[in-house]
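# Descriptive structure summary
Here's the letter readout for the chains.
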Amino acid sequence: LILFVVIVCLVALVGCGNTVHYTTESTNGSAATDDEVAAMTDVSLYEQSIEGIEECLVDRELLTVEIVEAKTEMKSEIIGASQGYRYLLSNNAFVELYEYDEENELLQEVKRQIAESEKGTFSILGLDPLTGVFSKDSKFLLVYNATIKYDYQPIADVVKEFGV
């Protein structure tokens, strides 16, 4: 009986020792507000790359590590980008993130369509229109299907903050 109690206690202690709790706290030790989390994850602290945006989105809890690890590489050349990925969110919702190395005709066409559209949409190759949001310097483009119900705005706001 004593041996059984010792084993149960050891298992409980080992299990508790491996539990990691992540919390975001403000400087005063209380739970951080959304504004405080945003300040702690200032985009200027991240690499100006898709990986930097991914890291910021994970830190702000807008994407999970699992979503980032399961991303799908896209045929980015279709919209003139150097690279692009699709991230599956939930209930068929997704976002795509593209990076542009230089200006080109396809990028100019996407920019033109988004600027001229009331809803910020564009369509390439006759495909259904998608919503597009550029970073400050148009190096990054976030794409999503606004007809699929999901709150894309917080992700779009982060992407808009990136760029020089």
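Computed from a predicted model, the values in this text were never measured in an experiment.

### Some details on unusual backbone geometry
The backbone phi angle of asparagine 92 is positive, close to 70 degrees, even though this residue is not glycine. Mapped onto the secondary structure, asparagine 92 falls in the loop between strand 2 (83-88) and strand 3 (94-99). Overall, the relative accessible area of 69% leaves asparagine 92 in the exposed class. The residue serine 138 is not glycine, and still its phi comes out positive at about 60 degrees.

### Details of helix 3 (residues 50-59)
All of the buried residues in helix 3 are Ile50, Gly52, Ile53, Glu54, Cys56 and Leu57. If you follow the buried residues of helix 3, they end up packed against helix 4 (65-69), strand 2, strand 3, strand 6 (140-144) and helix 6 (153-161). One or two residues past the end of helix 3 sits glutamate 61, with phi positive at roughly 60 degrees.

Basis of the calculations
Residues numbered from 1 in each chain as written. Predicted model: local features only at pLDDT ≥ 70, side-chain atom pairs only at ≥ 80, totals over all residues. Heavy atoms only, no water. Helix = DSSP H or I, 4+ residues; strand = E, 2+ residues; numbered from the N terminus. Buried < 20%, exposed > 50% of the residue type's maximum accessible area, 1.4 Å probe, protein only. Contact = heavy atoms within 4.5 Å.

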